[in-house]
Structures are given as C-alpha cells and as structure tokens.
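Below are the chains, spelled out letter by letter.
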Amino acid sequence: MPKPAFSADLSALPPSVRALAERGVSRLYRKGTLIINEGESGDTLFVIVSGRVKAFSVDARGREVTFGSYGAGEYLGEMSLDGGPRSASVITLEPTVCAVVHRPALQAHIAEHPDFAFELLTKVIARARVATQTARNMALLDVYGRVVQLLESMAVLQPDGSREIHERLTHAEIASRAGCSREMVSRLLKDLARGNYLTARGNMIRLEKSLPARW
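Now for a description of the structure that goes with this document. (Residues numbered from 1 in each chain as written. Predicted model: local features only at pLDDT ≥ 70, side-chain atom pairs only at ≥ 80, totals over all residues. Heavy atoms only, no water.)

This part takes up the overall build of the protein. The secondary structure content of the protein amounts to six helices and twelve strands. Against the compact-globule benchmark of 17 Å for 215 residues, the protein has a radius of gyration of 19 Å, which places it among compact chains. In terms of overall dimensions, the protein has C-alpha extents of about 55 × 40 × 35 Å along its principal axes. Looking at the protein alone, contacts between residues at least 24 apart form 66% of all its contacts between residues at least 6 apart. (Helix = DSSP H or I, 4+ residues; strand = E, 2+ residues; numbered from the N terminus. Rg over C-alpha atoms; globule rule 2.2 N^0.38 Å. Contact = heavy atoms within 4.5 Å.)

In structure tokens, the structure reads:
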C-alpha cells in the first residue's frame, strides 16, 4: 500500500513531465508494491518521480515476461486511458515515488499544453514497437538469440570500444525478459564469459566484443 499523499520534490524531472506531475498526487510505494494490475480498468497515469518499476505479464501457468523497467521521468498507465483494461502489471523494484495523475487532470494538461499530446502519442508508439519486437523475438528466435538481442539492445558504447549494460540485471530478470529459464541464462552467460565475449561482475554486464550470432 502507498503511504499518504505528500509533497514530493519534482525539480529533477524534465520540464514537460514535471508540469504533468504537478497536477497529480505524490505517493510513496514500498519495494514490491503492485501499483498496476493487468486486466483491471483504470484511468490514472503514474509519473515516476524517483525509484524504479517493472512492467510485466504472467500467464496461467505462472510464467512471467518482463516488458521493461522504468525510472524517474518515465510515466506508465497510458495504454488504458482509452477506457480499456490495463495491458500489463507494474511492480516497484525499490521504494518509489509516483505522481498519480487522474484522467481529468491529464485532459486539462493536454488542453493547456497541446504539444504533450504528441509526446504521449510518441511514447505509446514506441512501446507498441517494443511489444511487437518482443512478440517477434519469441516467435522467431531461439533462447540464445533472444538473450543476445536483449543484451545488445541494452548495451551502451564505452570509450574503449566495449559496451556496458548500466541497468543492474539479475539472471532471473534476463530470463523473464527473454522468455526462458534462469538456469539457461546462467549457462549461456557463463559460456560467453569463458569465450571472453563478456564480463559479469555481480549484476553488471560488460560486452567485451560482438556476441556471436550462433552458439
């Protein structure tokens, strides 16, 4: 459960997102709090002020697929603003502050700041593309291909030519995003480390060179 509403510091947010967050009610959620439940109806947008959350789905057999994790400056819940059910669940990965913006406040914000409608539309399109790519990968790539595609997409180029994944990823989180078992991820990462393709320290991953297309 969130703690009662309070006045959060919004100064670190991008200006357009800060203006939206100012129309909402700031709430603090403990780690492990489900703030959006897939399938439920909702008319609220959650602007992340601080902390980190994960969007995911679980099938009837309890298998989980992660769509992504999001931090300060991001907002979630826009997919249900058409009156439809929530398309995914969202859980906090650490203590998180969100500005909860209800639909009338969002409508008023768009009326005063028409450019935000294009920003919101761009966000919806980008996430739809990610969902399409995820479905494509699940259908067309094997487990190794899905793990490699995930690592490549998250890696950031460094001055020495290597690439680093700045987001802390556990083997379980990689498995959830790639749609496979944690044991399979552990085996693949260990094999790639033996081949000097990557270095894993704790939950941080560094890609030393291009990963092979096949393994």
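Having seen the model, we can carry on.
Here the focus is the pattern of salt bridges. Applying the stated rule across the entire model yields 13 salt bridges. Across the pair Lys123 and Glu74 runs a salt bridge, and its minimum N-O distance is 3.0 Å. Of this pair, Lys123 sits in helix H3 (residues 115–140) while Glu74 is found in the loop between strand E5 (64–71) and strand E6 (75–76), placing the two residues 49 residues apart along the sequence. Put simply, Arg127 and Glu78 hold a salt bridge, and the shortest N to O gap is 2.9 Å. With Arg127 in helix H3 and Glu78 in the loop between E6 and strand E7 (89–92), this pair connects stretches of sequence that are 49 residues apart. On the accessibility criterion, Arg127 (15% relative accessible area) is buried. You can call Glu78 buried: its relative accessible area is 7%. What you see here is one network of salt bridges that share partners, running through Glu74, Glu78, Lys123 and Arg127. (Salt bridge = Lys/Arg side-chain N within 4 Å of Asp/Glu carboxyl O. Buried < 20%, exposed > 50% of the residue type's maximum accessible area, 1.4 Å probe, protein only.)

Turning to the side chain of Thr96, a few remarks are in order. Here Thr96 is to be found in strand E8 (residues 96–102). On the basis of relative accessibility, which here comes to 0%, the residue Thr96 falls in the buried class. At 2.7 Å, the side chain of Thr96 forms a polar contact with the backbone oxygen of Glu94. Setting aside residues up to four positions removed in sequence, Thr96 forms contacts with Arg27, Leu28, Tyr29, Ile48, Ser50, Gly51, Arg52 and Val53. (Polar contact = N/O pair within 3.5 Å; in protein donor to acceptor, adjacent residues only side chain to side chain.)

Here we come to the environment of Leu189. Summarising the element assignment, Leu189 is placed in helix H6 (residues 182–194). Once the C-alpha coordinates of Leu189 and His171 are considered, the two residues, 18 residues apart in sequence, prove to be 8.9 Å apart. When sequence neighbours within four positions are dropped, the list of residues in contact with Leu189 reads Leu151, His171, Ile174, Leu198 and Ile205.

Bringing the layout of surface pockets into the picture now. A probe matching the size of a water molecule, rolled over the atoms, marks out where space remains unfilled. Empty space within the largest pocket amounts to approximately 850 Å³. Phe67, Gly68, Tyr70, Arg127 and Val130 are, among the 35 residues lining the largest pocket, the residues nearest its centre. Contributing elements (two or more residues each) for the lining of the largest pocket: E5, H3, helix H4 (143–154) and helix H5 (171–178). When its residues are assigned to classes, the lining of the largest pocket shows 16 nonpolar, eleven polar and eight charged. Computed from the structure, the second largest pocket encloses a volume of approximately 200 Å³. (1 Å grid on protein atoms, 1.4 Å probe; cavity = no way out; pocket = protein on both sides within 12 Å on 5 of 7 lines; lining within 4 Å. Points joined across faces, edges and corners; volume = space filled by probe spheres on them. Nonpolar A, V, L, I, M, F, W, Y, C, P; charged D, E, K, R; others polar.)

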